[in-house]
Amino acid sequence: MGRMDGRVVFITGAARGQGRSHAVRLAEEGADIVGVDICGQIDAVPYAMGTREDLDETVSMVEKRDRRMLGIQADVRDRAALQAAFDAGVAEFGHIDTVLANAGVILTRKDEPDPQAAWDVGIAVMLTGVWNTIQVSYPHLVERGMGGAIVVTSSMAGLRALTDGGAGSDAYTAAKIAVTGLVRAYAQFLAPEEVRVNAVAPTGVATPMILDNPGLFEVFESRPNLANAMQNALPALMVEPIDISEAVLYLVGDSGRYVTGVTLPVDAGMSIA
């Protein structure tokens with residue numbers, strides 16, 4: 001018996017990184033997965049984003065755990081496309097009971113060529129995209145009448161309100177703080193329906209959006225105060241995606257059945273460093 005037997009999880013940003021890790025870990029516990037990813041490049045993003053091949057690899061990894069996954073190419077900024085993806089998941093599996101609003105980007109770089117574009121993209125993906133994900137999913141959870149769980153990916157970097165003075169980092173900070181407000185508001189709104197809404201706030205996670213993003217490290221090198229403010233108390237430069245997945249599993253499983261409206265740090269002590 002797995003901790004997620006019989007459950008179906010809708011995940012945005014599922015092609016790689018944290019989203020892939022969540023899909024695989026929850027599949028190991030018995031869940032079927034509906035995974036959404038843009039599978040394409042956004043011009044303002046300074047590193048290579050996930051591809052259709054990456055999403056297909058996530059599907060393969062889930063299937064190797066003897067679970068099913070529907071991988072759908074869709075942009076969280078496009079509410080109609082996201083709704084179609086969610087509805088396709090319901091049609092495929094009969095229901096969805098767990099939602100992970102995980103899609104995100106890092107736009108911080110030393111010389112931002114188009115600050116307005118960076119701001120617009122950051123807010124659209126990480127704030128509007130989260131709102132879209134909640135909006136397309138919660139009516140189904142309520143109508144189903146069996147409760148459910150929503151988890152939003154925030155960030156310790158956002159909660160500490162850090163910026164390098166650029167539009168990319170400003171958008172990241174603003175969005176990651178704002179989504180914690182959505183979490184509290186929707187937790188209260190959906191509590192009578194037994195739908196729980198929480199967030200995770202990771203420190204730096206060893207995923208391609210950090211590891212394959214040299215521009216981010218250039219910013220840290222040029223602004224030591226920013227790098228120092230993002231130090232972890234524990235002796236770990238970054239955590240692994242599985243560390244966030246285990247926190248997500250706690251929140252969406254029966255282990256978190258009375259937890260709602262919280263932002264759970266998985267921060268290696270960054271908040272006390």
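Each chain carries its own residue numbering, running from 1 in the direction its sequence is written. Totals for whole chains, interfaces and linings use every residue, but because this is a predicted model, local features are given only for residues with pLDDT of at least 70 and side-chain atom pairs only at 80 or more, for both listing and counting. The basis for the side-chain values is all heavy atoms of the structure; hydrogens and waters are excluded.

Draft legend 1. Spotlight on the packing of aromatic side chains. Aromatic pairing here means that ring centres of Phe, Tyr or Trp (its six-membered ring) are within 6.5 Å. Orientation follows from the plane angle: under 30 degrees is stacked, over 60 is edge-to-face, and everything else is tilted. For the structure shown, the criterion picks out 4 aromatic pairs. Ring geometry for F10 and F86: centres 5.2 Å apart, planes at 70°, overall edge-to-face. Placement of the pair is F10 in strand β1 (residues 8–12) and F86 in helix α3 (residues 79–93), with a sequence separation of 76 residues. Of the two residues, F10 and F86, neither departs from the other in class, the shared state being buried. The helix count covers DSSP runs of H or I at least four residues long, the strand count covers runs of E at least two residues long, and both are numbered beginning at the N terminus. Only protein chains enter the area calculation, which uses a 1.4 Å probe; residues under 20% of their type maximum are buried, those over 50% are exposed, and those in between are partly exposed.

Draft legend 2. View of the packing of helix α1 (residues 17–28) against helix α10 (residues 241–252). Note on definitions: angles span 0 to 180 degrees between N-to-C directions of axes, and those axes are lines fitted to C-alpha atoms, for helices only across the stretch in contact. At a closest axis distance of 9 Å, the pairing of α1 and α10 adopts a crossing angle of 55°. As judged from the angle between their axes, α1 and α10 are oblique. By crossing handedness, the relation of α1 to α10 is classed as right-handed. Residues G17, Q18, S21, H22, R25 and L26 of α1 form the contact with α10, whose own contacting residues are P241, I242, I244, S245, E246, V248, L249 and V252. Side-chain classes follow a simple rule in which Ala, Val, Leu, Ile, Met, Phe, Trp, Tyr, Cys and Pro form the nonpolar group, Asp, Glu, Lys and Arg form the charged group, and the remainder, Gly included, forms the polar group. Grouping the constituent residues of the contact of α1 with α10 by class yields 7 nonpolar, 5 polar and 2 charged. Each angle is binned into one of four classes, with values under 35 degrees roughly parallel, values over 145 roughly antiparallel, values of 65 to 115 roughly perpendicular, and all other values oblique. Crossing chirality is assigned from the near helix's rotation relative to the far helix, an anticlockwise turn below a right angle marking it left-handed and a clockwise turn marking it right-handed. Note on contacts: a residue pair qualifies if any of its non-hydrogen atoms lie within 4.5 Å across the two residues.

Draft legend 3. Structural view of the pattern of salt bridges. A carboxyl oxygen of Asp or Glu within 4 Å of a side-chain nitrogen of Lys or Arg is what we treat as a salt bridge. A full pass over the atoms with the stated rule returns 10 salt bridges. Between E28 and R25 there is a salt bridge whose closest N-O contact spans 3.3 Å. Of the two residues, E28 and R25 both sit in helix α1, 3 residues apart, roughly one turn of that helix. With a closest N to O distance of 2.7 Å, D75 and R77 form a salt bridge. Residue D75 is classed as buried on the basis of its relative accessible area of 17%. A residue is classified by how much of its surface remains accessible, and R77, at 32% relative accessible area, is partly exposed. Look at the salt bridges and you will find they share partners, linking R25, E28, E29, R65 and E246 into a network.

Draft legend 4. Region of interest: the pairing of strand β5 (residues 148–153). In terms of burial, β5 is largely enclosed, as 6 of its 6 residues are buried. A pair of strands is considered paired only if DSSP assigns at least 2 bridges between the two. The sheet contact formed by strand β4 (residues 98–101) and β5 spans 4 bridges and is parallel. Bridge assignment links V99 to a residue of β5, and that residue is I150. After leaving β4, the chain enters helix α4 (residues 115–144) and then returns to the sheet as β5, a path that is right-handed. Inspection of the sheet shows β5 paired to strand β6 (residues 195–202) by 6 bridges, in the parallel sense. Counterpart to A149 in the pairing with β6 is R196. When the strands point away from the viewer, a crossover counts as right-handed if the path from the first strand over the helix to the second runs clockwise.

Draft legend 5. Looking closely at the sheet that holds β1. Taken in spatial order, the 7 strands of this open sheet run β3-β2-β1-β4-β5-β6-β7, and their pairing is parallel. Each end of this open sheet is capped by a strand with a single partner; those strands are β3 (69–73) and β7 (263–266). When strand polarity is set aside, the average angle formed by the axes of neighbouring strands in this sheet is 15°. Each of β2 (32–37) and β3 is contacted by helix α2 (residues 52–63), which is oriented at about 170° to β3, the strand it contacts most.

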